[in-house]
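Letter by letter, the chains look like this.
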Amino acid sequence: MMDSPRPVVIEKKRHSLLMRWRIDRAVARSMRDDAAQGRHFDVVRRSIHGTVPSGKGGPVLLAACNELYYWEFARTFLRSIEALGAPERFHLHLCEPSEKALADVEAMASSLANVDLTWTWDDGKTALQPAYPTIYYAAVRFLLAPMIIEATRSTVLCLDIDGIARRPISQALEVISKDEDIRLIKRPGEKSVRRVLASALAIRPTEAGMRFAGRLGRAIAAIFSMRPRYHVDQITIVRTVEAMEARGEITAVQMPLAFADHEFAEDSVIWTAKSWQRKNSEAFTRAKGAVNGAFQNS
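Predicted, not measured: the structure shown is a model, and the values here were computed from it.

A.B. asks: Looking at this model, I keep getting lost on the overall build of the chain. Mind explaining?
C.D. replies: Within the chain, the secondary structure is distributed over 11 helices and 10 strands. On C-alpha atoms alone, the chain measures out to a radius of gyration of 18 Å, which is about the 19 Å that the 2.2 N^0.38 rule sets for 298 residues. Along the longest, intermediate and shortest principal axes, the C-alpha atoms of the chain span 55 × 40 × 40 Å. In the chain, buried positions account for 57% of the 298 residues. The long-range share in the chain, meaning contacts at least 24 apart out of those at least 6 apart in sequence, stands at 81%. Carbon and sulfur atoms form 50% of the exposed surface of the chain, whose accessible area is close to 13,300 Å². With 42 positive and 35 negative side-chain charges, the chain shows a spacing of 7 Å between the two charge centroids.

A.B. asks: Could you clarify how one ought to interpret the pattern of salt bridges in this entry?
C.D. replies: When their charged atoms lie close together, side chains carrying opposite charge are able to pair. Counting across every chain of the model gives 19 salt bridges. Among the ionic pairs, Arg211 bridges to Asp34, the shortest N-O distance being 3.8 Å. Of this pair, Arg211 sits in helix α8 (residues 207-224) while Asp34 sits in the loop between α1 (17-32) and α2 (38-47), and the two are 177 residues apart along the sequence. You can call Arg211 partly exposed: its relative accessible area is 24%. For Glu245, the salt bridge is made with Lys186, and the minimal N-O distance between the two is 2.8 Å. With Glu245 in helix α9 (residues 233-246) and Lys186 in strand β7 (residues 182-186), this pair connects stretches of sequence that are 59 residues apart.

A.B. asks: What exactly am I supposed to notice about the sheet that holds strand β4 (residues 115-122) here?
C.D. replies: Adjacent strands of a sheet form backbone hydrogen bonds with each other and so pair up, either parallel or antiparallel. Here we have 8 strands laid out as an open sheet, ordered β1-β4-β3-β2-β5-β8-β7-β9, and mixed in their pairing. Sheet topology places β1 (48-50) and β9 (252-254) at the edges, where each strand pairs with a single neighbour. The mean inter-strand angle of the sheet, taken between neighbouring strand axes irrespective of direction, is 30 degrees. The sheet contact formed by strand β2 (residues 60-66) and strand β3 (residues 88-95) spans 7 bridges and is parallel. Pairing of Ala64 across the sheet is with His93, part of β3. Contacting β3 and β4, helix α4 (residues 99-111) crosses the sheet at an angle of about 165 degrees to β4.

A.B. asks: Where do I start with the side chain of Ser268 in this structure?
C.D. replies: Mapped onto the elements, Ser268 comes out in the loop between β9 and β10 (270-272). A polar contact of 2.6 Å, which involves the side chain of Ser268, links it to the side chain of Asp261. Leaving out residues up to four positions away in the same chain, Ser268 has contacts with Arg166, Arg167, Ala258 and Asp261.

What counts and what doesn't
All chains use their own residue numbering, which begins from 1 and follows the written sequence. Under the rules for a predicted model, residues below a pLDDT of 70 receive no local features and side-chain atom pairs below 80 are neither given nor counted, while totals for whole chains, interfaces and linings still include all residues. Water and hydrogen atoms were dropped before computing side-chain values, which therefore reflect all heavy atoms in the structure. Secondary structure elements are defined from DSSP: runs of H or I of at least 4 residues count as helices, runs of E of at least 2 residues count as strands, and each element is numbered from the N terminus. In this treatment the radius of gyration is a C-alpha quantity, and the globule benchmark scales as 2.2 Å times the residue count to the 0.38 power. Note on classification: 1.4 Å probe, protein chains only; a residue is buried when its accessible area is under 20% of the maximum for its type, exposed when over 50%, partly exposed between these limits. For this analysis, residues touch if any pair of their heavy atoms sits within 4.5 Å. Every accessible area reported is derived by Shrake-Rupley at a probe size of 1.4 Å, with residue values counting cover from the shown protein chains alone. Under this rule, positive means Lys or Arg and negative means Asp or Glu; His and the chain ends count for nothing. For this purpose, a charge sits on NZ of Lys, CZ of Arg, CG of Asp or CD of Glu. When a carboxyl oxygen of Asp or Glu is within 4 Å of a side-chain nitrogen of Lys or Arg, the pair counts as a salt bridge. Any two strands with at least two DSSP bridges between them are considered paired. Only C-alpha atoms enter the line fits that serve as axes; for helices the fit covers just the stretch in contact. Angles between N-to-C directions range over 0 to 180 degrees. Definition of a polar contact: a pair of N or O atoms within 3.5 Å, with one able to donate and the other able to accept a hydrogen when the atoms are protein atoms, and with sequence-neighbouring residues admitted only if both atoms are side-chain atoms.

Here it is, written out as structure tokens:
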């Protein structure tokens, strides 16, 4: 069981009808005009400090977290990737980090031989726009994605931070990549706002992929300013993907669940612990301890 305080739990796990309408309007505006809602996006861009990766190359793994999740999960995730021995590019965004966390991530970047780690951070002001900061923490990676694609012209794989790598991630992604613009976990049997699982979303630097990333980022930034009371990442992804598919503007294919495996299968690419029950499960705790123990003993 973890000793650190857990984030605030959002009890009402749905948007009001009014907020859904406003979210739909924000997505529609982004669809109509690729410059629409740019001022909201610029507010977020100006709040971000640090350095994004640059230069074309392999996929950039992208995740974000607050201080708690940095110490509890981000370091383990990075160590698990490093331990696999394959070269990876990883960008981490820290939400309102302490000086201690910034110093630690800098030290970690210097210590990793296989992971090319870059990082950015913000001062926490944008996280105050939604009713709960956790809404921002979950969605901010999708605002970093268009910046990184623009800077690298490389595939960006947006991931949850509470993961443990079991196989080299970029290698596994490149094996399945074909001519798609984006690859994401679709759940067609779920309700409309849950038809996508945001735990693993790959955006390729095609014209359509870059347009999708920009539209998604601008829409989410605009929705932050509406003070939403529930998570906005999945619903905005669903609305944007389906709108672009309906217009024949994008090729979106299925991401294997192995890239965000909540059941912890031995042959998965990433184990992802979405709930606190899974985070505290015997399998995840044991794997986390093994990763961290190996680095402490090295």
